[in-house]
Amino acid sequence: MPESQDASCDGPTGHLELSQELDQIDLCPITLDDIKADPHRPQIDESEIIEWKQRDHFATGKRKRPVPIVIKTPSTRQLWNRAISKVLAMLRGDSKANSLGDSWENFDVEGLKTEKATRYRYKALTGTWVTDEVSIKMEPEHFNAGAMRRCFRAKKLSNFCHHSSWHRESNNYVAKAYMVPVDRRTYFDDVKLQMEAKLWSEEYNRHNPPKKVDIMQMCVVEMTERPDKPLYHFEHFIDGSYVKYNSNSGFVRDENLRLTPQAFSHFTFERSGHELVVVDIQGVGDLYTDPQIHTADGESYGDGNLGTRGMALFFHSHVCNTICHSLNLTAFDLAPTESKELSTQIKLQQRSKTLSRGLEEVCASPREHEFDLHEYMRRRSSSSGHWSGDEVTSPLEASSPPQFYNELSDSARDSAFIAKRTRFISESSTGSTDANDCLRFQEVISNKQRPSNIEAEVCRISTAEAPSILGQIHFDLAKYHEVGRFLGEDKTAAYDRSAGMFHLERAVDCGVREAIITLADICLGRPHDLLSDVQLEDSAETRRRGISLLERAAQAGDRAAMVDLARSYELGTYLPAGEKDIDWNKAVHWYALAADTDVDESAVAEDPTYLLMGRCAEMLKAGGPRLEPDYSRAAEVFNSAAEKASAAMKGRAANRYFMEAEECWALAEGDGEGEGEE
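Think of each chain on its own: its residues are numbered from 1, step by step along the sequence as written. Two thresholds apply to this predicted model, a pLDDT of at least 70 for residue-level local features and 80 or more for giving and counting side-chain atom pairs, whereas whole-chain, interface and lining totals are computed over all residues. The basis for every side-chain value is the complete set of non-hydrogen atoms in the structure, without hydrogens or water.

**A look at the side chain of Gln 282**
Argument step 1. With respect to the helices and strands, the residue Gln 282 is situated in strand 11 (residues 282–284).
Argument step 2. Partly exposed residues are those whose accessible area sits between 20% and 50% of the maximum for their type, while under 20% is buried and over 50% is exposed, using a 1.4 Å probe and protein chains only. The exposure class of Gln 282 is buried, given its relative accessible area of 8%.
Argument step 3. A polar side-chain atom of Gln 282 sits 2.9 Å from a polar atom in the side chain of Tyr 242.
Argument step 4. One polar contact links the side chain of Gln 282 to the main-chain carbonyl oxygen of Asp 280, over a distance of 3.3 Å.
Argument step 5. When sequence neighbours within four positions are dropped, the list of residues in contact with Gln 282 reads Tyr 242, Val 243, Lys 244, Tyr 245, Leu 287, Tyr 288, Thr 289 and Asp 290. Runs of H or I in DSSP of at least four residues are treated as helices and runs of E of at least two as strands, each being numbered from the N terminus. Here a polar contact is recorded for every N or O atom pair within 3.5 Å, except that within protein the pair must consist of a potential hydrogen donor and a potential acceptor, and residues adjacent in sequence are included only if both atoms are side-chain atoms. By definition in these notes, contact holds between two residues if any of their heavy atoms fall within 4.5 Å.

Written out as structure tokens, the structure reads:
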């Protein structure tokens, strides 16, 4: 916009015309980089920028609102006028204005047939879908293809336009369709994944990192005028260099390694309380698309959700950087040999130009009350905001989700507005959002924060009943080491046994039952599936630890560990001092607990309940090391064993146990009469 036209925008009419033209555009703030890159502006000294970035805007004690710093230059107004003129030039189709014209101008997309379509957009905060009708032009042939989808150039007419001018009032989009036919629900699940990942990018930005990130808006369009009404993914076309920063299987880009994408993934893991991690970060700059979410249970979010195995692959290649430290994220525990292999990545991180400004809002520890994040995501209700389109819970099947939690803590309300940025409703947004929805989401998130290190996790599980997700990740890393996942090109080399044992030990520390049993088998010299070639020296100390681990697994409710422990105390097998440690009293105790454990009898063919009860009764009848005979109790257990045998269709065993019970009753009566005569 020329300077002579500045006055025309100062009046009410000028403001109205400008707001109408900019209504469909999301304006971004002008940064120091924009100012510095302006060739017509006097250059700012580099030391001045560094001083500005490192300046502390918060006084000690009570937190105050940061004081805005204004660089006193006479051309600030001219700078904004120049930026607005570029936007208006783009709207008017002036392709020569600063090279901001239509990048698809030479493909004649506007000459294609106009088609009506139904657009479905997902509101991640409320778990609902918004539908409306749109006008689209799409090329019949794809211009690019990935591993699973083809990409088509497309244009969409703005819903806010007044003259249906495709030249001025349409935007470039990319329509993506699967190469192989998939269930229609897959398209909607993909959009749900990306929009829920976008929530985490907004939560990340709320902590004021050095560089903000965003995940592109994506929706589903149904081409209603075509046969079979095919579905497409629809998202804005972003011109620029497309880069993949990490993958869902542990890949990290070494060339021009960037800190922000890796820190963002780590942030989502800790902020969600280990329940998920957003990976497969790719896009243009810090505008990402097509992410993947790994969840602790491995459910939802498609086949790319590898569960804790995917989390293990991420952390095996992750090195905490300066952004991780500034956000108070904790380092994941790796074996010394693994850390040594990541030394190259550490050197690449040191070349990064992204600096921590010291203004980040650190991730605080969870408060006293905790919420289930997945339960929250299932229980979201519709927003109280207004929208002209139709709002449904699902485009495939409608349902009425339960209501939100009604009450929020005062601290959650306070934290929700820290460093909050104003968001304007644009044509690509999903309508107005109830502020209470944001508060409820942040309330849940603030209670889920959990560090990534073992020390903090061990302290947590001492008072928690839920299994440790972090421990399962370490256990998966031990499995990956054994199968040679990290050997690189030389698949014939021996895997890193020390690293495998390191992660097995960490899983044991976190109380993973399968890891406890595996390490117990290793200590006792018994066959084991995981790290099968690892053997420890047979000694009283290792046996003592093995028995201790068996007891720990048995106390956690593992029936097989109870049976093994009972047999060890009965026969002296695996005990540190052999026969000297035989204790039939403990053996009866563990046999009885194993028999009382609810289990599918068809799944325990080797140790059915009736046999365990029968052996327990025989020991009570005969007596042995540290166990006196108890005929009355033996008779009761024999009767119970007979009933279990009858239920299992074992007639002979049932008859034998009934006879043993009668004999024990007779012995008990005889003992009673003998005591009376005395």
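**Details of the environment of Trp 665**
Argument step 1. Within the secondary structure layout, Trp 665 lies in helix 24 (residues 651–677).
Argument step 2. Trp 665 sits 33 residues away from Ser 632 along the chain, and the two C-alpha atoms are 6.3 Å apart.
Argument step 3. Among all residues touching Trp 665, those that are not within four sequence positions of it are Ser 632, Ala 635, Glu 636 and Asn 639.

**Here's the deal with the nonpolar core**
Argument step 1. Residues belong to a common nonpolar core when they are buried Ala, Val, Leu, Ile, Met, Phe, Trp, Tyr or Cys residues joined through side-chain atoms within 4.5 Å. Core analysis: the biggest nonpolar cluster contains 58 residues, and Leu 504 and Tyr 657 have the highest contact counts within it.
Argument step 2. Excluding anything up to four places from it in sequence, Leu 504 contacts Phe 475, Ala 478, Ala 515, Thr 518, Leu 519, Ile 522, Leu 530 and Leu 531.
Argument step 3. The next biggest cluster of nonpolar side chains, apart from the first, holds 54 residues, and it includes Leu 125, Trp 129, Phe 234 and Cys 324.

**Some thoughts on the packing of aromatic side chains**
Argument step 1. Classification of ring pairs rests on two measures: the distance between centres of Phe, Tyr or Trp rings, Trp counted by its six-membered ring, which must be within 6.5 Å, and the angle between planes, read as stacked under 30 degrees, edge-to-face over 60 and tilted in between. Summed over all chains, the structure comprises 17 aromatic pairs.
Argument step 2. Aromatic pair Tyr 173 and Phe 234: ring centres 4.9 Å apart, planes at 15 degrees, arrangement stacked. Of this pair, Tyr 173 sits in strand 5 (residues 170–178) while Phe 234 sits in strand 8 (residues 231–236), and the two are 61 residues apart along the sequence. Comparing Tyr 173 with Phe 234, the two get one shared label, buried.
Argument step 3. When the ring of Tyr 204 is compared with that of Phe 264, the centres are 5.5 Å apart and the planes differ by 75 degrees; the resulting orientation is edge-to-face. Taken together, the residues span a long stretch of sequence, with Tyr 204 in helix 6 (residues 184–206) and Phe 264 in helix 7 (residues 260–271) at a distance of 60 residues. Comparing Tyr 204 with Phe 264 shows no difference in burial state: the two are buried.
Argument step 4. Among the aromatic side chains, those forming a connected cluster through ring pairs are Tyr 204, Tyr 245, Phe 264, Phe 267 and Tyr 288.
Argument step 5. Here Lys 137 stacks its cationic end above the ring of Trp 166, 4.8 Å away from the centre of that ring.
Argument step 6. We count a charge as sitting over a ring when the NZ of a lysine or the CZ of an arginine lies within 6 Å of the ring centre and within 35 degrees of the ring normal. Its end group placed over the ring of Trp 104, Arg 153 keeps NZ or CZ at 5.8 Å from the ring centre.

**Overview of the pairing of strand 7 (residues 218–222)**
Argument step 1. Taken across its five residues, strand 7 has five buried, putting it largely inside the fold.
Argument step 2. Alternating residues of strand 7 divide into Met 218, Val 220 and Glu 222 and Cys 219 and Val 221, and every residue in both groups is buried.
Argument step 3. Pairs of strands are assigned from DSSP output, requiring at least two bridges between the strands. Judged from the three bridges that link them, strand 1 (residues 115–123) and strand 7 form a sheet pairing that is antiparallel. Looking across to strand 7, one finds that Tyr 120 is bridged to Val 220.

**Quick word on the pattern of salt bridges**
Argument step 1. Salt bridges, as used here, are contacts in which a Lys or Arg side-chain nitrogen is within 4 Å of a carboxyl oxygen on Asp or Glu. All chains considered together, the criterion is met by 28 salt bridges.
Argument step 2. When the shortest N-O distance is used, the salt bridge between Arg 545 and Glu 505 registers 2.9 Å. One end of the pair, Arg 545, is in helix 19 (residues 540–555); the other, Glu 505, is in helix 17 (residues 497–509), and 40 residues separate them in sequence.
Argument step 3. Looking at Arg 545, the relative accessible area reads 36%, which means it is partly exposed.
Argument step 4. Between Arg 543 and Asp 538 there is a salt bridge whose closest N-O contact spans 3.1 Å.
Argument step 5. Three or more residues joined by partner-sharing salt bridges are found here, namely Arg 149, Lys 176, Glu 235 and Asp 290.

In short, geometric facts, not functional conclusions.
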